[in-house]
Amino acid sequence: MGELMRRYWHPVGVSADANARPRQVRILGEDLILFRDKKGRPGLVYPHCAHRGTSLFYGKVEENGIRCCYHGWLFDAEGHCLERPCEPKDDEHRHKIRQPWYPVQELYGLIWAYMGPPEKKPVLPRYECLETLEEGEFLEVNDNSIGGGGPQIIPCNWLQHYENLVDPFHVVILHSSFSGTQFVEQMALMPKVTWETQEHSVRTVSLRDLPDGQTLLRISEAGLPTLRVIPSPRIGKYGMVESLGWVLPIDDHSFRIYVVGRVKEEGELVKMRSRLNGKLWEELTEAEHQQFPGDYEAMVSQGAIAHHSEEHLATSDIGIVKLRRLLQQQLQRVRDGLDPAGVSFDPQSEPVKFTAGNFLVTPK
């Protein structure tokens, strides 16, 4: 799975995280240093200096790169060694030194990294729902793991959240009848559900019959590699999905979520976090966490890595089975030397389209 994940671009921070102060980040089980040189170029490098291993976390960011505190070796954003102050002035060997690095790009207010084979690097995808803005809309970015139901860093395997995306029935129980209305009353209605495997996602189609005779059509998707394409469960408006989330596997036992959404007022994304009478997860007491659990409690209590061998799946888990099979298919494609679904090598490729959203259907 690690090899598969490294065939895609992943968000490693918001744009502001890359600055003149080196920042420690952990991605796909690997510790790295994120920085931005004084010419504005972001860099993502191996933490230990290629000279004698001192951490570049203590380095100094300069015009052309980052300088190690120990002996002053200077590396640019792509790891090239530019200076070795303690060596002779006619230093001809510095060109043979390269600090391990990963290519990064900026898009939608996020820093993206590609950590796979160089010859397999795809183009950084764009998304229709973030490219099509209505009048007065702008993009807002959030790194507080909106949708995870808990803190910024969630201490369990990323798949436990990813599978939650294709499970609409837990909304009726966990977020409604068990813990009270955590979203809106419409979400408490038992839906009629079908699942469809797309080329690069598993789509969940839910129909809820409303008291006024209309039908709430809700479409959500779990996209490759880690995309949460979930329309707002608060149903503030109808139409195309408002935001996208990327579930970043930090390692086998923790993850975080970066979200970008179309908004008309600053802070709209943050409002999605409220769970119990306006309280945020971190404001709840231990007793309230136990009495009014949400996604965080349901996912993390499965264990750092869920014991799938102990599960007893039922018909309401068809989406989860389809999602696991989709991932297994991509693993096999990589094993066979092919490219996984959802990657493109064409710089002119169209933005990725999803059909997700909340829609109101009026009977004829």
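Above: the structure in question.
Since the model is a prediction, treat every value here as computed from it, not as a measurement.

Caption draft 1: Molecular detail of the pairing of strand β13 (residues 192-197). Relative to strand β14 (residues 201-209), β13 is paired through six bridges, and the arrangement is antiparallel. Paired with Thr197 across the strands is Val202, a residue of β14. Connecting β13 to the next strand, β14, in antiparallel fashion are three residues.

Caption draft 2: How the structure looks around the packing of aromatic side chains. Applying the stated rule across the entire model yields eight aromatic pairs. Members of the aromatic cluster, each reached through a chain of ring pairs, are Trp112, Tyr127, Trp246 and Phe354. Looking at Arg84, its charged tip hangs above the ring of Trp73, at a distance of 4.9 Å from the centre.

Caption draft 3: Spatial organisation of the sheet that holds strand β5 (residues 60-61). If you trace the four strands from one edge of the open sheet to the other, you get β5-β6-β7-β8, paired in antiparallel fashion. Strands at the two margins of the open sheet, each flanked by one partner only, are β5 and β8 (81-83). Pairing geometry for strand β6 (residues 66-67) and strand β7 (residues 74-75), over two bridges, is antiparallel. Bridge assignment links Ile66 to a residue of β7, and that residue is Phe75.

Caption draft 4: Local environment of the nonpolar core. The biggest cluster of nonpolar side chains holds 67 residues, and the ones touching the most others in it are Ile27, Leu44, Tyr162, Leu244, Trp246 and Phe255. At six residues, strand β19 (residues 254-263) tops the list of elements feeding residues into this core. For Ile27, the residues in contact, after removing those within four places along its chain, are Val12, Leu32, Leu44, Met115, Leu248, Pro249 and Ile250. One finds Phe35, Leu56, Ile66 and Cys68 within the second-largest nonpolar core, a separate group that totals 12 residues.

Caption draft 5: How the structure looks around a nonpolar patch on the surface. Together, Ile173, Phe178 and Met190 make up an exposed nonpolar region whose accessible area comes to about 340 Å². Secondary-structure assignment places Met190 in the loop between α4 (169-178) and β13.

Caption draft 6: Just unusual backbone geometry, in detail. For the peptide bond that leads from Leu224 to Pro225, omega is 0°, which places it in the cis range. Tracing the sequence through the fold places Pro225 in the loop between β15 (215-223) and β16 (227-229). Look at Leu28: it is not a glycine, yet its phi comes out positive at around 50°. By secondary structure assignment, the location of Leu28 is in the loop between β2 (23-27) and β3 (30-36). Phi is positive for Ser145, close to 60°, though the residue is something other than glycine.

Caption draft 7: Representation of the sheet that holds strand β1 (residues 9-14) in the model. Taking strand neighbours across the sheet as the criterion, the three strands line up as β1-β11-β10 in an open arrangement whose pairing is antiparallel. Looking along the sheet, the strands with just one partner apiece sit at the ends: β1 and β10 (104-107). Shown here is a sheet whose adjacent strand axes are inclined to one another by a mean of 35°, direction ignored. Looking at chain direction, β10 and strand β11 (residues 110-114) are connected through four bridges and run antiparallel. Residue pairing across strands places Gln105 opposite Trp112, the latter belonging to β11.

Caption draft 8: Structural context of helix α7 (residues 318-335). End to end, α7 covers 26 Å across 18 residues, agreeing with the expected 26 Å (1.5 Å per residue, within 8%). Residues of α7 that are buried: Gly319, Ile320, Leu323, Arg324, Leu326, Leu327, Gln330 and Val334. Looking straight down α7, one finds that the buried residues subtend no more than 155° of arc, so they occupy a single side. Opposite the buried face of α7, at more than 90 degrees from it, the exposed residues are Arg325, Gln328 and Arg335.

Caption draft 9: Summary view of the pattern of salt bridges. Applying the stated criterion across every chain, the model contains 19 salt bridges. Between Lys237 and Glu137 there is a salt bridge whose closest N-O contact spans 3.2 Å. Of the two residues, Lys237 sits in the loop between β16 and β17 (239-240) while Glu137 sits in the loop between α2 (128-131) and β12 (138-142), which places them 100 residues apart along the sequence. Salt-bridge contacts for Lys192 lead to Asp209; the nearest nitrogen and oxygen are separated by 3.7 Å. With a gap of 17 residues between them, Lys192 in strand β13 and Asp209 in strand β14 connect regions that are remote in the sequence. Judged by its relative accessible area of 57%, Lys192 falls in the exposed class. Judged by its relative accessible area of 48%, Asp209 is partly exposed. Salt bridges sharing partners connect three or more residues here, namely Arg26, Asp31 and Asp251.

Rules of the game
- Residues numbered from 1 in each chain as written.
- Predicted model: local features only at pLDDT ≥ 70, side-chain atom pairs only at ≥ 80, totals over all residues.
- Heavy atoms only, no water.
- Pairing = 2+ DSSP bridges.
- Helix = DSSP H or I, 4+ residues; strand = E, 2+ residues; numbered from the N terminus.
- Phe/Tyr/Trp six-rings, centres within 6.5 Å; stacked < 30°, edge-to-face > 60°.
- Lys NZ or Arg CZ within 6 Å of the ring centre and 35° of its normal.
- Core = buried A, V, L, I, M, F, W, Y, C linked by side-chain atoms within 4.5 Å.
- Buried < 20%, exposed > 50% of the residue type's maximum accessible area, 1.4 Å probe, protein only.
- Contact = heavy atoms within 4.5 Å.
- Patch = residues over 30% accessible without salt bridge, like charges linked within 9 Å, V, L, I, M, F, W, Y side chains within 5 Å.
- Areas by Shrake-Rupley, 256 points an atom, 1.4 Å probe, with all protein chains shown as cover.
- Salt bridge = Lys/Arg side-chain N within 4 Å of Asp/Glu carboxyl O.
- Axes fitted to C-alpha atoms, helices over the stretch in contact; angles between N-to-C directions.
- Expected span 1.5 Å × (residues − 1).
- Arc of directions from axis to C-beta.

Keep in mind these values describe shape, not function.
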